[in-house]
Amino acid sequence: MSIYAINYRFYNRLFLPDVTMQNLDALLIFARIAEMASFTRAAESLGIQKGRASMAVRKLEADVGARLLHRTTRRVQLTEDGRAFYSRACDLLAEMEELHSMFTGDSAPLRGRLRIDLPTELARSPIIPALPQWMAAHPELELELSSTDRRVDLVQEGFDCVLRLGPIVDETLVARSLGRLRMINAASPSYLARHGTPRTLDDLRSQGHQIVHYTTTLGSKPFGWEYPGDNGYSVLQLPGAVQVNSVQTYHAAGLAGIGLIQAGYSALAPYIERGALVEILPDLRPAPLAVSLVVAHRRNLSRRVLTFMNWIESVLAPYT
């Protein structure tokens with residue numbers, strides 16, 4: 001099956017430049033190479049051999065009559081002609097996907113591969129537990145799921161869609177807001193048995209409570225304990241003997257009774273339901289965390305990507 005599943009005979013009757021219609025696969029391959037600056041990584045992300053990618057670009061350049069990519073042993077980059085061609089190729093690929101969706105209808109099965117990145121804890125719960133039912137509804141889809149807490153590069157790493165927590169600072173990305181995830185304060189029963197259960201903000205200091213410190217880089221200043229104040233949210237600096245830079249380790253430290261933690265309700269709900277953690281200070285919850293689905297380009301909004309995005313939104317709805 002073609003990488004870009006389109007009825008070529010139908011679209012060849014459309015009034016589009018012949019060079020783009022001679023090989024839509026080649027256009028897609030060229031665009032992915034341009035984005036990832038690598039023949040090898042682009043081929044891997046598309047599930048094809050590197051030789052096929054090289055051949056497709058060579059034929060495309062011959063058809064166009066211009067060199068589109070500078071190739072060296074260390075890097076691949078667009079030529080001036082390549083930049084202009086890439087911009088138009090992205091628009092055409094988006095138009096083709098949109099036209100294809102119009103004529104296949106919502107009842108047609110979804111096919112192809114989706115490459116998705118998810119925050120680790122949201123992947124663990126609630127997304128992965130809900131995934132089998134969705135996959136059963138779309139048996140011809142293949143998923144490549146990355147799970148990491150770092151900010152991946154959608155373009156360079158070839159992701160179709162990324163679930164992001166926090167603000168979207170890159171204005172070149174296309175983001176769809178899913179709302180804001182509830183955050184809660186929590187502690188283990190063993191910790192509360194030793195230190196007491198705080199009822200007010202003052203109790204955090206007077207009872208000698210400790211928190212688990214979380215930082216993205218070990219050795220940097222900890223984030224502290226966030227709480228709502230008169231003018232938005234404030235941060236209280238509390239003592240803590242342990243500092244971590246992993247969300248999983250942060251949750252594990254809370255479960256082990258090392259200190260108080262603040263985290264998303266979606267991640268902590270299973271622990272609270274079975275009594276491994278207890279929510280504390282429910283009236284002093286930290287600020288909810290913005291959650292968005294992000295794609296790199298409009299052409300990434302294929303029917304299969306949109307369907308996946310709608311499903312993710314429904315899975316996270318109880319936690320926003």
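The coordinates are above.
A brief structural summary.

Rules used in this analysis
- Within every chain, residues take consecutive numbers counted from 1 along the sequence as written.
- Under the rules for a predicted model, residues below a pLDDT of 70 receive no local features and side-chain atom pairs below 80 are neither given nor counted, while totals for whole chains, interfaces and linings still include all residues.
- Excluded from the side-chain calculation are hydrogens and water; included are all heavy atoms of the structure.
- Geometry of aromatic contacts follows a simple scheme: Phe, Tyr and Trp rings, the Trp one being its six-membered ring, pair when their centres are within 6.5 Å, and the pair is stacked under 30 degrees between planes, edge-to-face over 60, tilted otherwise.
- Numbering of helices and strands runs from the N terminus; a helix is a DSSP stretch of H or I covering at least four residues, while a strand is a stretch of E covering at least two.
- Only protein chains enter the accessibility calculation, which uses a 1.4 Å probe. A residue is then buried if its area is under 20% of the maximum for its type, exposed if over 50%, and partly exposed in between.
- Only lysine NZ and arginine CZ atoms are considered, and such an atom sits over a ring when it is within 6 Å of the ring centre and within 35 degrees of the ring normal.
- What makes two strands pair is DSSP finding at least two bridges between them.

Evaluated as defined, the whole model comprises 7 aromatic pairs. Here F308 and W311 contribute two aromatic rings whose centre-to-centre distance is 5.7 Å and whose plane-to-plane angle is 45°, an arrangement assigned as tilted. Remark: W311 and F308 occur in helix α12 (residues 303-316); sequence separation between them is 3 residues, near one turn of the helix. Taken as a pair, F308 and W311 share a single burial class, namely buried. Ring pairs connect the aromatic residues W134, F308 and W311, which therefore count as one cluster. Looking at R115, its charged tip hangs above the ring of F159, at a distance of 4.9 Å from the centre.

Following the sequence through the fold, R111 ends up in the loop between α6 (80-104) and β3 (112-118). Once the C-alpha coordinates of R111 and E142 are considered, the two residues, 31 residues apart in sequence, prove to be 7.7 Å apart.

Moving on to the pairing of strand β5 (residues 161-165). Of all 5 residues making up β5, 4 are buried, and the element is well covered by its neighbours. In this sheet, β5 lies alongside β3 in parallel orientation, the contact comprising 2 bridges. Counterpart to D117 in the pairing with β5 is V162.

Function cannot be read off these values alone, since they describe shape.
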